[in-house]
Amino acid sequence: MKSNWLRSSLIATACGVACLAAVGSKGALATELELMHFFTSGGEAAAMNAIKEAAQKEGIEWKDAAVAGGSGMNAYQVLQARIAAGNPPGAMQMHGAQIRQYAEGGLLLDMSEVATAEKWEGLLDPNLIPWMKYNGEIVGVPFNIHRPNWIWANKALIDKYGGKVPATWDEFYAMGDKMKADGIIPLATGGQAWQELLLWDLVVVGSQGKEFHKAALEDQNMDAIKGPQMLSAFETFRKVLSYSDANRANRDWNLATAMVMKGEAAMQIMGDWALGEFLNAKLESGKDYICAESPGTAGLFVWNTDYWGFFKGMNAEGATAQKALAKVTMDKDVQEKFNVLKGSIPARTDIGPEAFQPCGQKAVADRAAALKSGNMVPSFSQNAAVSTEIRGVYEDAVNQFANDPNMTPQQAVDKIVSGLQEL
């Protein structure tokens with residue numbers, strides 16, 4: 001996402017509430033809701049269908065407006081155009097930073113009445129509250145909690161090369177060197193900007209630690225950004241990328257996951273949405289694939305969340321349907337069913353691990369432990385740490401660095417500093 005995305009999006013909303021009010025006058029069915037989202041891979045679509053089926057039982061006519069593209073960048077661009085035209089959907093799937101962005105623009109419906117009645121705040125992971133709440137109003141309704149810091153591995157290949165998923169970057173290099181010598185791709189990844197930023201984010205926390213991640217990325221401490229640890233993180237990132245294949249450019253994340261499934265590559269460092277693909281393919285944990293924390297992140301739970309943001313402007317019947325969908329999304333049974341299929345875990349903390357597969361059970365247990373130990377780490381790359389403008393500066397620099405072998409770590413840092421100064 002470009003660093004001026006937030007600014008241009010808010011300019012696009014200059015038509016204000018008057019434009020949005022027109023949505024409620026179009027004569028649409030009272031219970032019809034147009035839902036825009038970017039859950040389009042096999043596992044994602046199966047999970048979204050769990051919400052859809054529950055919504056339909058409540059009399060909501062679900063009008064699907066899915067826009068393909070990892071991390072939602074394509075969908076957000078479509079949403080920006082829709083808002084500029086005074087025609088937003090009933091709801092949009094968003095990450096925390098986008099919820100904040102549209103709340104600041106005054107565009108999101110307040111769900112506080114529903115949240116209070118259902119006692120959401122006492123049930124939710126507390127890390128979600130600052131993003132879903134704005135000026136005292138509940139403006140985001142969470143589906144889940146995702147964990148980006150996973151490594152997914154083909155069990156047969158891991159068994160052939162030592163039987164243990166690498167827990168550190170040095171272990172990753174050692175195993176990867178043996179695989180490369182035998183003509184095997186150690187790391188399946190995709191050369192899309194959001195995927196590169198996600199991998200870089202996990203390299204930063206996995207090689208430099210939680211404290212540096214907080215100082216440099218969450219708090220934007222300029223001394224940390226300009227310091228030697230950031231240079232070291234870029235050096236590690238380039239070395240990690242050397243274990244991927246030459247054809248990674250613009251590969252979708254789920255196609256990289258498929259490479260691991262088929263044994264075309266040994267490992268993928270990707271969020272738990274990859275688990276949904278393994279489950280959708282009927283593969284078994286411990287038999288066909290292995291999941292573990294990405295190198296250097298044992299004990300840390302890097303997290304991000306998908307929320308519904310409900311747009312103002314529908315008529316009274318439409319607003320009632322919006323609130324009904326919010327309630328459905330947070331329903332205990334729906335949260336369990338959705339997240340079992342998606343590979344994520346519930347936003348609610350009162351749902352046990354029993355229905356989940358082994359990797360999901362591990363995630364539930366690891367989240368509980370991280371909440372107690374203070375080891376929950378907001379995902380920088382997945383919009384849980386900073387604004388979309390700040391994230392965009394880093395994405396531009398990381399993407400250029402990943403695709404220009406002549407760009408030095410210092411030049412990448414300089415590009416970040418310059419971009420931040422221009423905001």
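Keep in mind it's a predicted model, so treat the numbers as computed, not measured.

Peer 1: For unusual backbone geometry, give the residues involved together with the corresponding values.
Peer 2: Phi at Gln220 is positive, roughly 55°, even though this residue is not glycine. Unlike most non-glycine residues, Asn250 shows phi in positive territory, near 60°. The residue Asn250 is located in the loop between helix H14 (228–241) and helix H15 (253–262) in this model. Relative accessible area serves as the criterion here: at 58%, Asn250 is assigned to the exposed category.

Peer 1: I'd like a rundown of the sheet that holds strand S9 (residues 185–187), residues and numbers included.
Peer 2: Pairing within the open sheet is mixed, and its four strands lie in the order S9-S10-S8-S11. A strand with exactly one partner marks an edge of an open sheet, and here the two such strands are S9 and strand S11 (289–293). Strand-to-strand twist in this sheet, taken as the mean axis angle between neighbours without regard to direction, amounts to 15°. With three bridges joining them, strand S8 (residues 150–154) and strand S10 (residues 265–269) adopt antiparallel strand pairing. The residue bridging Trp152 from the neighbouring strand is Gln268, located in S10.

Peer 1: Please provide a residue-by-residue account of the packing of aromatic side chains, values included.
Peer 2: Evaluated as defined, the whole model comprises 22 aromatic pairs. Their ring planes at 80° and their centres at 5.6 Å tell us that Trp169 and Phe172 sit as a pair that is edge-to-face. Here Trp169 and its partner Phe172 are both found in helix H10 (residues 169–181), three residues apart, which amounts to about one turn of the helix. Of the two residues examined, Trp169 and Phe172, each falls in the buried class.

Peer 1: Break down the state of the cysteines for me, with residues and values.
Peer 2: As enumerated under the stated definition, the model contains one disulfide in all. At a sulfur-sulfur separation of 2.1 Å, the disulfide partner of Cys291 is Cys359. Of note, the bridge from Cys291 to Cys359 carries an S-S torsion of about -110° and is left-handed in sense. In this pair, Cys291 sits in strand S11 while Cys359 sits in helix H19 (residues 358–373), placing the two residues 68 residues apart along the sequence. Owing to a relative accessible area of 14%, Cys291 belongs among the buried residues under this scheme. Look at Cys359 and you get buried, because its relative accessible area is 1%.

Peer 1: Break down the sheet that holds strand S6 (residues 141–142) for me, with residues and values.
Peer 2: Strand order in the open sheet formed by five strands is S2-S1-S3-S13-S6, and the pairing between neighbours is mixed. Single-partner strands in this sheet number two, and they are strand S2 (61–66) and S6. Alignment of strand S1 (residues 32–37) against strand S3 (residues 91–94), held across two bridges, turns out to be parallel. In the sheet register, Met36 faces S3, and the bridge partner there is Met92. Against the sheet, helix H3 (residues 42–57) makes contact with S1, S2 and strand S13 (307–310), and its axis sits at roughly 155° relative to S2, the strand it touches most.

Peer 1: Outline H15, listing residues and values.
Peer 2: Listed as buried for H15 are Trp253, Ala256, Thr257, Ala258, Met259 and Val260. In this structure, the buried residues of H15 make contact with H3, S8, S9, helix H11 (193–208), S10 and helix H16 (273–280). At the C-terminal side of H15, Gly263 shows a positive phi close to 80°.

Peer 1: Can you break down the pairing of S1 residue by residue, with the values?
Peer 2: For S1, the buried fraction is high: five of the six residues fall into the buried class. The pairing of S1 with S2 spans six bridges and is classified as parallel. Pairing of Leu33 across the sheet is with Trp62, part of S2. In terms of handedness, the path from S1 via H3 over to S2 forms a crossover that is right-handed.

Peer 1: Run through the pattern of salt bridges, naming residues and quoting values.
Peer 2: Evaluated as defined, the whole model comprises 18 salt bridges. Linking Arg147 and Glu293 is a salt bridge whose minimum nitrogen-to-oxygen distance equals 3.9 Å. Of the two residues, Arg147 sits in the loop between strand S7 (144–145) and S8 while Glu293 sits in strand S11, which places them 146 residues apart along the sequence. Relative accessible area serves as the criterion here: at 1%, Arg147 is assigned to the buried category. Among the residues examined, Glu293 registers a relative accessible area of 16% and is labelled buried. Ionic pairing is found between Arg391 and Glu395, a salt bridge with its closest N-O pair at 3.1 Å. You can see Arg391 and its partner Glu395 sitting in helix H20 (residues 388–403), four residues apart, about one turn around the helix. For Glu395, a relative accessible area of 5% gives the class buried.

Peer 1: So what's going on with the environment of Ile345? Which residues, and what values?
Peer 2: Residue position: Ile345 is located in strand S14 (residues 345–346). For Ile345, a relative accessible area of 0% gives the class buried. A C-alpha to C-alpha distance of 25 Å links Ile345 and Glu211, two positions 134 residues apart in sequence. In this view, Ile345 contacts Asn144, Ile145, Phe301, Asn339, Phe356, Gly360, Ala363, Val364 and Arg367; residues no more than four positions away in its chain are not counted.

Peer 1: Any chance you could break down the pairing of S8 for me, citing the residues and the numbers?
Peer 2: Taken across its five residues, S8 has five buried, putting it largely inside the fold. By the alternation rule, side chains of S8 split into Trp150, Trp152 and Asn154 and Ile151 and Ala153, which are all buried. Alignment of S8 against S11, held across five bridges, turns out to be antiparallel. Looking across to S11, one finds that Trp152 is bridged to Cys291.

Conventions and cut-offs
- Residues numbered from 1 in each chain as written.
- Predicted model: local features only at pLDDT ≥ 70, side-chain atom pairs only at ≥ 80, totals over all residues.
- Heavy atoms only, no water.
- Helix = DSSP H or I, 4+ residues; strand = E, 2+ residues; numbered from the N terminus.
- Buried < 20%, exposed > 50% of the residue type's maximum accessible area, 1.4 Å probe, protein only.
- Pairing = 2+ DSSP bridges.
- Axes fitted to C-alpha atoms, helices over the stretch in contact; angles between N-to-C directions.
- Phe/Tyr/Trp six-rings, centres within 6.5 Å; stacked < 30°, edge-to-face > 60°.
- Disulfide = S-S within 2.5 Å.
- Contact = heavy atoms within 4.5 Å.
- Right-handed = clockwise from strand over helix to strand, strands pointing away.
- Salt bridge = Lys/Arg side-chain N within 4 Å of Asp/Glu carboxyl O.

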